[in-house]
There are 2 protein chains.
Amino acid sequence: VTLEDLGERALIERVRRRVAAAGGAPPVIGIGDDAALVAPVSPRGMLVTVDAALEGIHFRQDFSTPREVGWKAAAGALSDIAAMGGVARHLFLTLGAPPRTRVETIDALLDGLLDLAGRHGVSLAGGDTIASPERILLALTAVGEPAGERAITRAGARPGDALLVTGTLGASLAGLTLLREAPALAIPKFAAALARHRTPEPRLAEGALLATAFHPTAMIDVSDGLATDVGHLAAESAVGFRVDLASLPIDDGARAVAAALGRDPIEFALASGEEYELLFTAPRDEADAIREALARAACAPATIIGEATAERAVRARAPSGRERELHPTGFEHFRG
Amino acid sequence: VTLEDLGERALIERVRRRVAAAGGAPPVIGIGDDAALVAPVSPRGMLVTVDAALEGIHFRQDFSTPREVGWKAAAGALSDIAAMGGVARHLFLTLGAPPRTRVETIDALLDGLLDLAGRHGVSLAGGDTIASPERILLALTAVGEPAGERAITRAGARPGDALLVTGTLGASLAGLTLLREAPALAIPKFAAALARHRTPEPRLAEGALLATAFHPTAMIDVSDGLATDVGHLAAESAVGFRVDLASLPIDDGARAVAAALGRDPIEFALASGEEYELLFTAPRDEADAIREALARAACAPATIIGEATAERAVRARAPSGRERELHPTGFEHFRG
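Below you will find a few notes about this structure.

Definitions and cut-offs
Residues numbered from 1 in each chain as written. Chains lettered and ligands numbered in written order. Predicted model: local features only at pLDDT ≥ 70, side-chain atom pairs only at ≥ 80, totals over all residues. Heavy atoms only, no water. Least-squares fit on C-alpha atoms with pLDDT ≥ 70 in both. 1 Å grid on protein atoms, 1.4 Å probe; cavity = no way out; pocket = protein on both sides within 12 Å on 5 of 7 lines; lining within 4 Å. Points joined across faces, edges and corners; volume = space filled by probe spheres on them. Nonpolar A, V, L, I, M, F, W, Y, C, P; charged D, E, K, R; others polar. Contact = heavy atoms within 4.5 Å. Buried area = accessible area lost by both parts, 1.4 Å probe. Salt bridge = Lys/Arg side-chain N within 4 Å of Asp/Glu carboxyl O. Polar contact = N/O pair within 3.5 Å; in protein donor to acceptor, adjacent residues only side chain to side chain. Helix = DSSP H or I, 4+ residues; strand = E, 2+ residues; numbered from the N terminus. Pairing = 2+ DSSP bridges.

**So, the relation of the copies chain A and chain B**
Each copy of the sequence occupies a distinct position, and chain A is placed on chain B by a rotation of 180 degrees and an axial shift of 0.0 Å, giving an RMSD of 0.0 Å. Viewed as a symmetry operation, the transformation between the two copies matches a two-fold axis.

The following block contains the structure:
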């Protein structure tokens, strides 16, 4: 059965049933009306972000299953809420697909999206379906609210602040590189890197803990690659950074792929987008307490990888002690 | 200069400058961070809706200018807020375009969108830009809040309620039909119908007045065509309707096109989507007061076109008095 056979109204009914069976607190008024009504939760306002994934640009069906595509699209939008120190509440989906798409593909896209959303208490509160002749499209809107007293923006880092990152870096690009250049190597040994590329985790618990218990001065999620995203923090905060390459928490999966393909794992760590780790600054004297609190809460660990500087350049310090300027890598998904 | 030449970062800067110069109250945190922070306005919660327009499906560049395309995309999203009896506050845009798109085209799309938004006090609060190899895409999210005590849904019409519609019907499809079938006829005589197809008006003032001063029982915007949208009200309210065809406020522009093409203007009025008029039910004894209040407020007029019935069928009564069942017309934009 294809979308064409099913028709738009039956498709919406199908989505509605799947959503009713999924997790996450529903909105006051949900799918089936002209707009959703979302309950007011925080007097501090509502966080809203939009993030889209288009077939062939942001995902490929020969690299990821439909379920993984749905999961990852949701992860990208939810990660933006995490990066503001927010609690995510609802997702809205504009779903485009060619008329000949099988209904099972749509079901699987939704299952992946609803699976990740449900794990974070997030419901699908509304959407729109359109015919998209060439490519599957998932355009997501995520709404939530600040977990703490205020939202954490990209602006606010001060010279002397510690620069930290959650989790590990490099595996998403390592997995993608493996799929592109050596698909025959996609064996169990590299499963961790492949999983990281296909089903990344938004760091919502980590962002909320930081925003409620500490004083992060600026935050962003690593979606364009560490080198590029440090540049965003620098530009918006009007500071520079020194990044200590020896301290980067390079993912074991990224190291394994780098070794197999003869690459430098540090380059994976600097250029890998869609990591969805949180990159943030905090007062130097809070950095250790943050690391301990994340560990106690069974969150992803945080690593100090550098510091903010008054001089506005972004520099990388090599293990040898030599410094070089760190330029944005221009992460362009499949266009690179 | 094309998008490819400009690059994503410069494009976002360009959008940011245009938005700063446009109308509408800005959000607390706007374009340039991971998510926007929208101020809490109403304790009744926030309305959120998504609506997308894809080139070749929802618009054609040989039928509409980029400015008109941007206007109409915004109108579709804002109309969903109007249909809930809401006040619109912010728009979010996911903009996709082929890399060879000229920057002037993007500027014009944005100008049209920002023009309509500004007229309603709505700001562009955030967005996402993606490469879309074949087609321009505008995926919009609109947020706002109920103007009155509660949001008006599609459910709530009761047998005996009057069925009303704002403005006039038929001109959007008449204009589109003219462009498709007889472009040589696109002369000044038909300018009104063409304008209605290209730059429709969301009925925000009308929806807010209804929600604050009266007791509409159910409401929807005419986006799929009157016949189809009456069916949505019937299904969600679990009632039927009798629509009096002699009372339909058929647009003069629709009549002019119908006469020129040898069509029945009533068919235009029943099947025309993207009208963005409000179709609503209200207690019979409020109907005249509603019509007077809209006239006094210099809003679009409202016309009583039928009534809700206990019997769940949707019927049309012809001027002859004969009744027939009214079926959804399956408005499919350019796919029909």
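After that view of the structure, there is still more to cover.
**As for empty space enclosed by the protein**
Overall, the coordinates contain 6 cavities of 30 Å³ or more when judged by the stated rule. In this model, the largest cavity occupies a volume close to 120 Å³. What lines the largest cavity is a set of 13 residues, among which A:Pro40, A:Ser42, A:Met46, B:Pro40 and B:Met46 lie closest to the centre. Residue composition of the lining of the largest cavity, by class: 7 nonpolar, 4 polar and 2 charged. Taken as a whole, the second largest cavity spans an internal volume of roughly 80 Å³.

**Quick look at the interface of chain A and chain B**
Many authors give the size of an interface as the accessible area that is lost as the parts come together. Contact residues are listed per partner, giving 57 residues for chain A and 57 residues for chain B. The contact between chain A and chain B buries some 4,300 Å² in all, and 58% of this surface belongs to carbon and sulfur atoms. Interface area lost by chain A to chain B is led by A:Asp34, A:Val48 and A:Val50, which between them contribute 16%. The tally of links between chain A and chain B comes to 8 salt bridges. The residue A:Asp33 makes a salt bridge to B:Arg154 at a minimum N-O spacing of 3.9 Å. Counting the contacts that link chain A with chain B gives 19 residue pairs in polar contact (both at pLDDT 80 or more). Among the elements that make up the side of chain A that touches chain B, the one with the highest residue count is strand S2 (residues 46-54) of chain A (8 residues). Within the side of chain A that touches chain B, the residues separate by chemical class into 31 nonpolar, 12 polar and 14 charged. Two elements, strand S1 (residues 36-38) of chain A and strand S2 (residues 46-54) of chain B, share 3 bridges in a ladder whose sense is antiparallel. Residue pairing in the sheet places A:Ala36 in a bridge with B:Val48 of S2(B).

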